[in-house]
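What follows is each chain in one-letter form.
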Amino acid sequence: MDLLPVVFMALMGLSVLLYVVLDGYDLGVGMLMPGADEREQSVMVASIGPFWDANETWLVLGIGLLLSAFPVAVGVVLQALYLPVVAMLVGLMLRGVAFEFRMKALGWHRELWNWLFWAGSFLASFCQGVMLGRYITGFEPGPGYWLFALVVGASVCGGYVLLGATWLVLKTEGELQQKALAWSRWGLLWVALGVALVSLATPLVSETVRDKWFDFPRTLWLMLLPAATLAAGAWLWRVTGAMRRSRASHRDWRPFAAAAAIFVLAFAGLAYSLFPYVVIDRLTIWEAAAHPSALKVLLVGAVIVLPFILLYTLLSYRIFRGKARAGLYD
Amino acid sequence: MEDALFLARTQFGINIGFHILFPTLTIALAWFLLGFRVMYERTRDPAWLATFKLWTKVFALSFAMGVVSGVVMSFQFGTNWPRYMTTVGAIAGPLLAYEILTAFFLEATFLGVMLFGMNRVPDWLHIAATALVAVGTTLSAFWILALNSWMHTPVGHIFQDGQWIAQDWLTVIFNPSFPFRLTHMLIASGLTAAFVVTGLSAWRLLRAPGDEGAGKTMRAGVRVAAVLIPIQIVVGDLHGLNTLEHQPQKIAALEALWHTERGAPLVLFAIPNEERKRNDWSIEIPYAGSLILAHDANAEIKGLDAFGADIPPVKPLFFGFRVMVGIGMLMLLVSWWGWWATRRRAPAPRWLLWVFAGMTFSGWIATLAGWIVTEVGRQPWLVHGVLRTADAVGDVSAAKLGASLTGYILTYAAMLIAYLVVLTHMAGKGASNHAPSSHAATVELAGGAAPKAG
């Protein structure tokens with residue numbers, strides 16, 4: 001078995017996972033904007049200001065790795081997902097520039113950019129979920145499969161709201177933090193419903209996935225994944241409940257950590273379901289992989305540069321640790 | 001299929017034309033920022049600090065426009081040209097990935113530190129972050145131009161296992177047109193940023209003649225432009241000679257030379273007539289074409305008839321080239337005159353400020369015109385002599401392409417208008433120097449934190 005394509009699948013998976021958790025929280029903050037007043041909104045924006053550019057770069061790396069390491073899959077995947085991809089990109093553009101413009105605008109202009117920031121965040125999140133839903137089912141036509149994709153779209157919105165709300169618990173204090181705690185609990189309920197629906201529906205829509213999960217005695221080991229997800233969810237519910245009652249904000253990183261853990265676990269389940277396919281039932285990673293000469297030179301670059309990227313990303317999170325303040329540029 | 005090819009090209013062309021505006025500005029503007037930051041460190045003059053803060057905001061806005069349109073472009077490689085990746089992906093893929101790994105993360109991460117970290121990190125780290133943003137933008141130009149140049153002058157590749165792969169990466173990267181194209185583009189970025197800095201500062205001075213920071217930045221912009229433009233003219237000429245050697249049909253098209261001849265004229269103006277393969281209404285200087293292109297008045301210059309059917313369309317190249325060169329000459333005139341008029345800190349006369357303000361985005365127009373010349377000039381090839389554009393297009397239907405094209409155009413138009421309005425508005429208000437945390441600035445920047453200004 002040739003290992004290089006597996007390594008690149010892992011790298012691509014890592015950058016998609018990092019993208020989902022990192023851009024997920026700032027998309028979530030965008031979707032929560034209508035729930036806050038003007039002062040709170042500027043704190044929320046300040047909490048993601050130093051990070052969102054770099055967060056979005058993980059998506060570029062993900063697509064860059066798909067292009068360069070699995071060029072045969074690119075045509076299949078992106079052409080099948082053409083319209084949701086375009087809609088997602090329009091959403092990402094709107095929110096990205098709205099973020100910058102809203103800081104420089106006043107009055108109804110600012111209201112307009114706030115609205116676009118919300119709408120763009122929502123559109124991008126929803127489309128990412130739809131893409132995921134279409135991807136899991138191997139782009140099968142038919143209304144049932146599309147309905148499934150729409151449910152996944154709604155679930156991903158819930159997941160990002162959860163990430164955004166718990167991020168705000170970490171980065172804010174006082175009234176806004178209390179609001180964020182309440183949002184976290186709503187987000188968690190939304191996610192629980194979504195994950196349950198998707199987990200039940202996925203084996204129904206895909207035989208390949210069903211065979212991988214219902215294969216005793218392996219199934220017993222695999223049940224650790226949903227059990228751990230459930231535990232993370234329960235812990236998140238308890239911690240946010242306790243923080244609301246005590247109005248204390250020590251160890252305020254716990255809700256975000258729990259939310260991130262839910263994402264990592266769900267991602268692991270998904271990765272297990274799909275491996276070794278790039279396009280389920282159609283294209284394995286070995287069939288789709290780029291020429292070995294390209295993979296080798298890519299690997300050299302990734303091995304040298306990725307540690308530096310992780311290092312200075314940590315540095316940036318360290319520099320901007322602590323609570324966000326409204327005056328972003330001061 | 002024809003429709004789909006046309007729509008795919010239009011969409012990609014509009015996207016890349018929109019995208020290139022912003023990197024062209026930010027690559028060099030990042031170095032300007034480093035200069036402003038270092039000037040503040042050395043002088044501790046609050047005017048430099050206010051200037052730095054104002055221009056970081058211009059930078060952040062432009063960078064965001066570049067990032068979001070760049071994300072779209074990375075997807076369009078796959079959606080519009082899937083067979084590009086399956087035939088030359090083993091060369092293009094790694095170059096794109098190296099750009100992302102070495103440049104994108106660097107600039108995006110340290111941009112956050114540069115913008116928001118001034119009070120959180122020591123001065124040396126803040127200056128280092130500003131420098132790393134500049135290094136990142138320039139590195140990104142390095143990789144993407146290596147790939148683009150390879151598509152014009154491909155070398156170092158062999159055909160193996162049904163696709164093109166790199167035989168020698170250094171040969172691929174440092175292909176014949178790369179040094180010229182990279183230098184030409186980096187200087188173009190320098191000129192674009194210099195004229196934006198000059199123009200927006202002049203715009204501020206028209207409204208507030210005493211603004212000290214705007215005076216400083218305007219003088220800096222004019223001087224940088226005045227130094228760069230003669231270098232650019234020489235580099236552009238060298239780049240043209242390099243193109244004559246490797247892609248002579250592009251030169252024939254941009255000079256509108258239909259027939260091979262000795263002592264070719266220089267066509268100053270004409271309406272190229274593609275059907276009848278001749279120029280209407282042309283004004284020519286005899287022998288000057290050979291003199292400029294081959295530095296010999298009697299040299300033979302190949303006309304379009306020497307290349308059969310594989311020739312690019314003439315009109316966009318002919319006019320694009322003249323627009324670029326015309327703006328270059330105007331830049332030379334304006335920047336040198338501007339330097340002379342503002343020597344020894346003399347205040348610029350109002351009419352000159354209006355000229356500067358009018359030239360604010362001249363670099364964009366010249367850059368776009370230049371890119372149209374070089375990219376349209378490569379047609380019908382996507383990778384010269386290796387892959388035809390028509391063979392790289394995907395199976396997306398014309399209807400889907402039309403729908404997405406409409407969506408993109410509307411989004412880009414709205415973004416561009418908003419960008420220009422906000423930029424001129426910000427520049428018009430100026431850096432409010434001497435009082436960087438004044439009431440007005442706090443309200444504007446800190447969001448709803450402070451009450452609205454009356």
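Note that the structure is predicted; figures quoted are calculated from it, not measured. (Residues numbered from 1 in each chain as written. Chains lettered and ligands numbered in written order. Predicted model: local features only at pLDDT ≥ 70, side-chain atom pairs only at ≥ 80, totals over all residues.)

## Description of the overall build of chain B
And step 1. Within chain B, the regular secondary structure consists of 14 helices and eight strands.
And step 2. For chain B, whose C-alpha radius of gyration is 24 Å, the value lies close to the compact-globule estimate of 22 Å for 454 residues.
And step 3. Taken over the C-alpha atoms alone, chain B extends approximately 70 × 50 × 40 Å along its principal axes.
And step 4. Looking at chain B residue by residue over its 454 residues, the buried ones come to 54%.
And step 5. A separation of at least 24 residues holds for 73% of the contacts in chain B among residues at least 6 apart in sequence. (Helix = DSSP H or I, 4+ residues; strand = E, 2+ residues; numbered from the N terminus. Rg over C-alpha atoms; globule rule 2.2 N^0.38 Å. Buried ≥ 20, exposed ≤ 12 C-beta atoms within 10 Å, placed from the backbone. Contact = placed C-beta atoms within 7 Å.)

## A few points about the overall build of chain A
And step 1. Within chain A, the secondary structure is distributed over 14 helices and two strands.
And step 2. The C-alpha radius of gyration of chain A comes to 20 Å, within 12% of the 20 Å expected for a compact globule of 330 residues.
And step 3. For chain A, the spread of C-alpha atoms along the principal axes amounts to about 55 × 40 × 40 Å.
And step 4. Scored against the burial criterion, the 330 residues of chain A give a buried share of 55%.

## Quick notes on the packing of helix α6 (residues 178-207) of chain B against helix α12 (residues 362-376) of chain B
Residues and elements named next belong to chain B.
And step 1. Direction vectors running N to C along α6 and α12 enclose 155°, while the axes themselves pass 7 Å from each other. Between α6 and α12, the crossing angle belongs to the class labelled roughly antiparallel. Where α6 abuts α12, its residues Ala-188, Leu-191, Thr-192, Phe-195 and Val-196 lie against Ser-362, Gly-363, Trp-364, Thr-367 and Gly-370.
And step 2. Of the residues contributing to the contact of α6 with α12, the split by class is five nonpolar, five polar and no charged. (Axes fitted to C-alpha atoms, helices over the stretch in contact; angles between N-to-C directions. Parallel < 35°, antiparallel > 145°, perpendicular 65-115°, else oblique. Nonpolar A, V, L, I, M, F, W, Y, C, P; charged D, E, K, R; others polar.)

## Things to note about the interface of chain B and chain A
How big an interface is tends to be stated in terms of accessible area lost as the parts join.
And step 1. Taken together, the 64 residues of chain B in the interface contact 61 residues of chain A.
And step 2. Counting residues per element, the ones that place at least two in the side of chain B that touches chain A are α2 (46-80), α3 (82-116), β2 (163-166), α13 (398-429) and α14 (439-445) of chain B.
And step 3. Here the residues of the side of chain B that touches chain A are counted per class, giving 37 nonpolar, 20 polar and seven charged.

## Brief notes about the nonpolar core
And step 1. Residues A:Ala69, A:Phe70 and A:Leu89 are the most contacted members of the largest nonpolar core, which totals 258 residues.
And step 2. Ranked by residue count, the leading element in this core is α3(B), at 23 residues.
And step 3. The residues touching A:Phe70, leaving out its near neighbours within four places in the chain, are A:Val278, A:Ile285, A:Ala288, A:Ala289 and A:Ala290. (Core = buried A, V, L, I, M, F, W, Y, C linked by C-beta atoms within 7 Å.)

## Thoughts on helix α11 (residues 350-358) of chain B
All names here are of chain B.
And step 1. Leu-353, Val-355 and Phe-356 are the residues of α11 that are buried. An end-on view of α11 places all buried positions within 160° of arc, on one side of the element. Structural note: α11 exposes Arg-350 and Trp-351 on the side pointing more than 90 degrees away from its buried face.
And step 2. The inward-facing, buried residues of α11 abut α6, α7 (212-246) and α10 (314-341). (Arc of directions from axis to C-beta.)

## Looking at the pairing of strand β4 (residues 266-273) of chain B
All names here are of chain B.
And step 1. Bridging between β4 and strand β5 (residues 278-285) involves six bridges; their strand directions are antiparallel. Looking across to β5, one finds that Pro-272 is bridged to Asn-279.
And step 2. Where β4 folds back onto β5 in an antiparallel hairpin, the turn is made up of four residues, including Lys-277, whose phi is positive at roughly 55°. (Pairing = 2+ DSSP bridges.)

## Here we look at helix α7 (residues 143-171) of chain A
And step 1. Given a rise of 1.5 Å per residue, 29 residues ought to cover 42 Å, and the 42 Å separating the end C-alpha atoms of α7(A) matches this to within 8%.
And step 2. With 21 of 29 residues buried, α7(A) lies mostly within the body of the structure. (Expected span 1.5 Å × (residues − 1).)

## Regarding unusual backbone geometry
And step 1. Omega for the bond connecting A:Phe275 with A:Pro276 falls within 30 degrees of zero, at 0°, which places this linkage in the cis form.
And step 2. Mapped onto the fold, A:Pro276 is located in the loop between α12 (254-274) and β1 (277-279).
And step 3. Of note, the bond from B:Gln379 into B:Pro380 is cis; its omega dihedral lies within 30 degrees of zero at 5°.
And step 4. Mapped onto the fold, B:Pro380 is located in the loop between α12 and β7 (381-383).
And step 5. Positive phi, close to 55°, is recorded for B:Arg44, a residue that is not glycine.
And step 6. By the secondary structure assignment, B:Arg44 is in the loop between α1 (2-43) and α2.
And step 7. Overall, the presence of 9 C-beta atoms within 10 Å leaves B:Arg44 in the exposed class.
And step 8. With phi around 55°, B:His295 is a residue other than glycine that occupies positive phi space.

## Comments concerning the packing of helix α6 (residues 107-136) of chain A against α7(A)
Residues and elements named next belong to chain A.
And step 1. Between α6 and α7, the shortest axis-to-axis distance is 7 Å and the interhelical angle comes to 135°. Considering their axes alone, α6 and α7 lie oblique with respect to each other. Crossing hand, α6 versus α7: right-handed. Across from Phe-122, Ser-125, Phe-126, Gln-128, Gly-129, Val-130, Leu-132, Gly-133 and Arg-134 in α6, the residues of α7 making contact are Phe-148, Ala-149, Leu-150, Val-152, Gly-153, Ala-154, Ser-155, Val-156, Cys-157 and Tyr-160. (Left-handed = near helix turned anticlockwise from the far one by under 90°.)

## Looking at the environment of B:Phe52
And step 1. Residue placement: B:Phe52 occurs in helix α2.
And step 2. Separated by 14 residues in sequence, B:Phe52 and B:Val38 have C-alpha atoms that sit 9.6 Å apart.

## Here we look at the pairing of strand β1 (residues 157-160) of chain B
Residues and elements named next belong to chain B.
And step 1. With four bridges connecting them, β1 and β2 associate as antiparallel partners. The residue bridging Phe-159 from the neighbouring strand is Trp-164, located in β2.
And step 2. The hairpin turn running from β1 into β2, its antiparallel successor, is two residues long, and Asp-161 in that turn takes a positive phi close to 50°.

## Focus on the confidence of the model for chain B
Residue and element names in this part refer to chain B.
And step 1. Per-residue pLDDT for chain B has a mean of 86; in total, 94% of the residues score no lower than 70.
And step 2. Taken together, the stretch residues 433-454 has pLDDT below 50 and engages in 47 contacts with residues farther than four places along the chain or on a different chain.
And step 3. We note a pTM of 0.87 for the whole complex and an ipTM of 0.85 for its interfaces. (pLDDT = per-residue confidence, 0-100.)

## A few points about the environment of A:Pro307
And step 1. Here A:Pro307 lies in helix α14 (residues 292-319).
And step 2. As a C-alpha pair, A:Pro307 and A:Ala201 span 106 residues in sequence and 38 Å in three-dimensional space.

## Some words on the environment of B:Phe307
And step 1. Looking at where B:Phe307 falls in the secondary structure, it is placed in the loop between β6 (300-301) and α10.
And step 2. Between the C-alpha atoms of B:Phe307 and B:Gln249, which are 58 residues apart in sequence, the distance is 6.8 Å.

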